[in-house]
Amino acid sequence: MGDIFSNLGLGFGVVFQFVQWTPAFLGGTSIPIPVNILLCLIGALVGTLVGVLPGIGTIATVAMLLPITFGLPPVGALIMLAGIYYGAQYGGSTTSILVNIPGEAGSVVTALDGFQMAKQGRAGPALAIAAIGSFFAGCVATVLIAILGAPLTKLALAFGPAEYFSLMVLGLIFAVVLAKGSVLKAIAMIVLGLLLSMVGSDIETGASRMAFNIPELADGLGFATLAMGLFGFAEIIRNLDAGGESDRELVQQKVTGLMPTRKDMIDSTPPILRGTVLGSILGILPGGGAVIASFAAYTLEKKVSRTPEKFGRGAIQGVAAPESANNAAAQTSFIPLLTLGIPPNAVMALMVGAMTIHGIVPGPQVMQKQPELVWGMIASMWVGNLMLLIINLPLVGIWVRLLRVPYRLMFPSIVIFCSIGIYSVNNAPTDVILAGVFGLVGYWLIKHDFEPAPLLLGMVLGPLMEENLRRALLISRGDWSVFLTRPLSAVLMAIAAGLLVLTVLPTLRKKRDEVFVESEN
Amino acid sequence: MNATPGQAPVKSIMPKWVRNPQDFVGGIAMMAIAVFALWASSDLQGMRGFSFGAGTAPRMFATLLLGLGAAITVVGVLTEGQHLAKYHWRGPLFVTLSIVSFALTIRSMGMIFSALTSFLIAACGSPETRWVETFIVGVCLTAFCALLFPYALGLPLQLLPTFMIR
Amino acid sequence: MNWYGRSLASGCLAALAGLALLSAQAQAQTYPSRNITMIVPFAAGGPTDVIARIVTGHMAQTLGQAIIIENVVGAGGTTATTRAARAANDGYTLITGHMGTHAASVPLYPKLAYHPEKDFEPVGLLAGTPILILARKDFPPKDLKEFIAYVKANESKVNAAHAGIGSVSHVSCELLNSVLGVKPIGVPFNGTGPAMNALVAGQVDYMCDQIVNAVPQINGGTIKAYAVATPERNPSLPDVPTTTEAGLPAFQAQAWNAIFAPKGTPPDVVAKLNAAVVKALEDDAVRKRLLELGSVIPAPADRTPAALGTLVKNEVAKWTPVLKPVN
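Note that this is a predicted model, so its numbers are computed, not measured.

Student: Please explain the overall build of chain C as it appears in this structure.
Tutor: Check the secondary structure of chain C and you find 12 helices and 9 strands. Within the span of chain C, comprising 327 residues, buried residues form 53% of the whole. For chain C, restricting intrachain contacts to residue pairs at least 6 apart in sequence, the fraction spanning at least 24 positions comes to 77%.

Student: Just checking my understanding: could you explain the overall build of chain B for this structure?
Tutor: Across its full length, chain B carries 5 helices and 0 strands. The secondary structure elements of chain B, listed N-terminal to C-terminal, are α-α-α-α-α. The buried share of chain B, reckoned over its 166 residues, is 38%. Intrachain contacts of chain B at a sequence separation of at least 6 include 65% that bridge at least 24 residues.

Student: Would you mind showing me how to read the domain arrangement of chain C here?
Tutor: All names here are of chain C. Considered domain by domain, chain C is made up of domain 1 (35-128 + 256-326) and domain 2 (130-246). The distance between the C-alpha centroids of domain 1 and domain 2 comes to 26 Å. Contacts between domain 1 and domain 2 engage 15 residues on the former and 15 residues on the latter. The set of elements that each furnish at least two residues to the side of domain 1 that touches domain 2 consists of α4 (100-108) and α12 (305-323). Grouping the constituent residues of the side of domain 1 that touches domain 2 by class yields 11 nonpolar, 4 polar and no charged.

Student: Quick question: what am I supposed to make of the packing of helix α9 (residues 223-240) of chain A against helix α18 (residues 407-426) of chain A here?
Tutor: Any two packed helices are characterised by the angle at which their axes cross and by the distance between the axes. All names here are of chain A. Interhelical geometry of α9 versus α18 gives an angle of 165° and a closest axis separation of 11 Å. The orientation of α9 with respect to α18, classified from their angle, is roughly antiparallel. Remark: the crossing between α9 and α18 carries left-handed chirality. Judged by residue contacts, Ala224, Thr225, Met228, Gly232, Phe233, Ile236, Asn239 and Leu240 of α9 engage Tyr407, Phe411, Ile414, Val415, Cys418, Ile422 and Val425 from α18. Taken together, the residues of the contact of α9 with α18 break down into 12 nonpolar, 3 polar and no charged.

Student: Can you help me understand the nonpolar core in this one?
Tutor: What tends to happen in soluble globular proteins is that the nonpolar side chains get buried as a cluster. Judged by nonpolar contacts, the single largest core of 326 residues is most densely connected at Val62(A), Ile190(A), Leu65(B) and Leu134(C). Sorting elements by how many residues they give to this core places helix α6 (residues 123-158) of chain A first, with 16 residues. In contact with Ile190(A), not counting residues within four places along its chain, are Leu172(A), Ala175(A), Val176(A), Pro454(A), Leu455(A), Leu457(A) and Gly458(A).

Student: Even after reading the chapter, I still don't get the domain arrangement of chain B, so can you show me in this structure?
Tutor: The extent of an interface is frequently quoted as the accessible surface area lost upon association of the parts. Along its sequence, chain B is organised into domain 1 (21-78) and domain 2 (90-165). The C-alpha-based centres of domain 1 of chain B and domain 2 of chain B are spaced at 39 Å.

Student: What is the right way to look at the confidence of the model for chain C in this model?
Tutor: The predicted coordinates ought not to be read in detail in places where the model reports low pLDDT. Residues and elements named next belong to chain C. Here chain C shows a mean pLDDT of 82. Residues at 70 or above account for 89%. When mean pLDDT is compared element by element in chain C, strand β8 (residues 223-228) scores highest at 91, while helix α1 (residues 2-25) scores lowest at 45. Below a pLDDT of 50 lies the segment residues 1-29, which in the model reaches 25 contacts outside its immediate sequence neighbourhood of four places, other chains included. The complex prediction reports pTM at 0.81, with the ipTM value standing at 0.87.

Student: Even after reading the chapter, I still don't get the interface of chain A and chain B, so can you show me in this structure?
Tutor: If you look at the interface, chain A gives 56 residues, while chain B gives 64 residues. Elements represented by at least two residues in the side of chain A that touches chain B include exactly α8 (183-197), α9, α18, α19 (429-447) and α20 (452-475) of chain A. It is α18(A) that provides the largest number of residues to the side of chain A that touches chain B, a total of 11 residues. A per-class count over the side of chain A that touches chain B returns 35 nonpolar, 10 polar and 11 charged.

Student: Just checking my understanding: could you explain the UniProt feature "transmembrane region" (unreviewed entry) in chain B for this structure?
Tutor: Residues and elements named next belong to chain B. Using the residue numbers shown here, the UniProt feature "transmembrane region" (unreviewed entry) corresponds to residues 24-41, 61-81, 93-123 and 135-160. With 86% helix and 0% strand, residues 61-81 has its two end C-alpha atoms placed 28 Å apart. Across residues 93-123 one finds 100% helix and 0% strand; the C-alpha atoms that close the span lie 11 Å apart.

Student: Looking at this structure, how should I read helix α3 (residues 90-123) of chain B?
Tutor: Every α-helix carries 3.6 residues per turn, so stepping three or four residues along brings you back to the same face. Under the 1.5 Å per step criterion, the end-to-end length of α3(B) is only 11 Å for 34 residues, more than 12% shorter than the ideal 50 Å. When the local axis directions of α3(B) are compared, the greatest deviation, roughly 140°, occurs at Gly110(B).

Student: Just to check I follow, could you spell out the environment of His83(B) for this structure?
Tutor: All names here are of chain B. Looking at the secondary structure, you find histidine 83 in the loop between α2 (56-78) and α3. Assessed through the 13 C-beta atoms surrounding it within 10 Å, histidine 83 is described here as partly exposed. For the pair histidine 83 and arginine 19, spaced 64 residues apart in sequence, the C-alpha separation works out to 8.5 Å.

Student: Quick question: what am I supposed to make of the confidence of the model for chain B here?
Tutor: This prediction gives chain B a mean pLDDT of 82; 90% of its residues lie at or above 70. When pLDDT is averaged over each element of chain B, α2(B) comes out on top at 91 and helix α5 (residues 162-165) of chain B at the bottom at 72.

Student: Would you mind showing me how to read the pairing of strand β5 (residues 159-162) of chain C here?
Tutor: Regular strands place side chains that alternate from one sheet face to the opposite one. All names here are of chain C. Alignment of β5 against strand β6 (residues 185-188), held across 4 bridges, turns out to be parallel. Along β6, the bridge assignment pairs histidine 162 with proline 188. This β-α-β element, β5 to helix α6 (residues 168-180) to β6, shows right-handed connectivity.

Student: How should the packing of helix α2 (residues 35-51) of chain A against helix α17 (residues 371-402) of chain A be read in this particular structure?
Tutor: Residues and elements named next belong to chain A. Taken N-terminus to C-terminus, the directions of α2 and α17 make an angle of 55°; their axes are 9 Å apart at the nearest point. Classed by the angle they form, the pair α2 and α17 counts as oblique. For the pair α2 and α17, the sense of crossing is right-handed. Contact with α2, carried on its side by Asn36, Ile37, Cys40, Leu41, Ala44, Leu45 and Thr48, involves Ser380, Val383, Gly384, Met387, Leu388, Ile391 and Asn392 of α17 and no other residues of that element. In terms of residue class, the contact of α2 with α17 is built from 9 nonpolar, 5 polar and no charged.

Cut-off values and rules
Residues numbered from 1 in each chain as written. Chains lettered and ligands numbered in written order. Predicted model: local features only at pLDDT ≥ 70, side-chain atom pairs only at ≥ 80, totals over all residues. Helix = DSSP H or I, 4+ residues; strand = E, 2+ residues; numbered from the N terminus. Buried ≥ 20, exposed ≤ 12 C-beta atoms within 10 Å, placed from the backbone. Contact = placed C-beta atoms within 7 Å. Domains from an automatic or database assignment. Nonpolar A, V, L, I, M, F, W, Y, C, P; charged D, E, K, R; others polar. Axes fitted to C-alpha atoms, helices over the stretch in contact; angles between N-to-C directions. Parallel < 35°, antiparallel > 145°, perpendicular 65-115°, else oblique. Left-handed = near helix turned anticlockwise from the far one by under 90°. Core = buried A, V, L, I, M, F, W, Y, C linked by C-beta atoms within 7 Å. pLDDT = per-residue confidence, 0-100. UniProt positions renumbered as here; feature names shortened; annotations may be inferred. Expected span 1.5 Å × (residues − 1). Bend = angle between axes of the 7 residues up to and from the residue. Pairing = 2+ DSSP bridges. Right-handed = clockwise from strand over helix to strand, strands pointing away.

Next up, the structure:
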């Protein structure tokens, strides 16, 4: 225990480092500047502002802002980058809630209830609870990394292809559960998402699959492209239908309080706690664990709730749980990087890139060799989360005010921001056109009462599922029993089967959900 | 300008025995997508011994989607449901045009031109647009983007048309 | 509404000022008179990107113009390379290509829209990254000789990992397997990180990878290295023998990175760019940072455009027979 305190002390010492600044105009008087705190603050602020642009998700934001950290000293650069990362994550949640545009897989679930809350004039509480939940989750996860980082690494190494496949199967079941309408249609959407994720090149042979010789499709459809089309553009087109405008104006009039009420806080506390636990565990698993954290949390809330029919219609628990899980996972996904030196996902790979540019090559010994770096980063995670709370609670007012801009001016602006956003991810005009096509597809899906969220999740999980299935079969030389003989995998499969039964049985018996849709409109 | 009435009753083109046209058409569309995917992946290799070929998974999921589409269609015949929703042409047309225009002009004409034209085209999508106001906002938004993306964020976006730079 | 209007007005003013600045920029006469775009066909932070950023940072000082890095990701870097091949040949669009985009791509992608030799003007070689033969830490063979014997004897049982079709780790592993005359099961991963994770966790047996990613793991004892596939030992891993020393001289591989310009770029522009590359490679700070990455800096004779042209030709000839059977 004492070790941890001294380590954390070292970390906070690095973060709270003061540099004496002696500006000429003060005639030699020097002022102490908390450089690293400032860098963290700037990082979180810039990250939020870029992440909030529709179309630009976490990976794109970090990739975009990476070069601005190159000129800084290594520790400062990494602290700033961590700030950017948290900021971008939170910024993505903001667009999900305000305009129904998830910037990354994790915030798809936030959009479900967050946007409904915004429509009911409760964007303020939704944003605030997201910030509070994230902060709490961030604090817990920071402590967890400090205390259990090294032993938890074993979990990351215990997960082989077979375990990942089973985890992804479980993830797909989660995607069914979070649908609010017909289960049959939700499953169809997941399968459609899986099918879309097959576009691109085959991982094992490199053969081009359903890409029709379009070079931009050679690597598959981008998440941003699809999310922007199915959520962003489709929502705009739908709003432009007759009646949409008046619907919108109604929303703008009934904006109520900015902060969550006492009841909101009480309702959100258990989801935040459960979300934090789930997110912390799933975040450690490299390559896909963090992706399913937010909807695992959402599914759990919907299952334990006494009023599951409220989910998808503006339940604050549906924002609090996934947002906490999301942030906890974002934090614990640093564990494999800090203890093994192996980046578990694309954002972490960028972090490693930033480190190499500064001449630090992370590896299993980075904790012993560069303790001030590792512990400085861990401490800065907590500071970064605090910054997010400090930056975002006041910003809630501004974001909500933004909703009052007349829709006739807002929608072309969103179209432009989305277009520039998608374009700048890969500098590819084709991506913009593809997003437009998916906008029309999304419009059609809305008209036929198909939900886009399961589609998007199928799309995200598809490659992970197929690749791990194939890897597992390659390694086992075609023996399918590995999924049941490896204990971790068997446990995951059992949970998936149980959850499926729990979900399908009640919907077969009655269609209470659909009755609800009609009585509310 | 905003005299469009709410939801006018839609005349059904569906035969009487289809009790839920929304699901019926939706299911048929899913089946169509599945058939298309089966066709598109027909040139890919199947199972190679114990390991998957490139085409195994796409065909597997396409077949699954075909079945699900059929099930949705059958449900659409058997259960009572909603009529087909009404489509509008104005919003989808102009928003799509705006996106396409942006994609086609961004590399040759630069961001200032393409962002402004796309903004104005998108604005045609709503009957409530007031042109003077829209134009001013469009110019300001373009200016804001022109400063934000290439300068503040350092993105490699070209601002002016290519012929003006050369 | 008032708040909205005010922010609009200030936005307009700021934009006008920005535009005035821009037009003043596009005036000067000789090359380079404006910013140069450097396409990097891989994600920011990858080995090629890091090398490109280190070198172009110094080149920009020599040339007196900013060099803007544009990361274009896709299809093993061939999407970006196709774009560079079609770009204006005025010296304002360049590309940092590597072993994959400008050699191995020829046999790997039968429908490739460019040819590395015919569609580019070679500018200069930047740095090479040696390739290592790596294995999980409890893999039975103790040295390269035992490894060769073991893999040959257990061909149907061993698993070789790689970081995806077309990646450096994939093509170099294919070369190793063809030199050894074996065809083990290749387990594909999505990038170097996941592949390394599987190797550390012992889920796969061996792989080939660039030195940058592997040094910390080898030093940490989580994996082991049998040999480095370059003529000389690498200063960052002095104990690891070369393939020649360890008994497999036929396996030589290095992931090289180099700058190319579209075909038809004026010779004086290429010469100016090459001079900037050479100057950067002589700079102590640049050399230090490249060496920290485990890179091999080309000898002065290998830094000319002509030498790079020859390298590309030899590399295409080297990879074509190795990778053809894969497809």
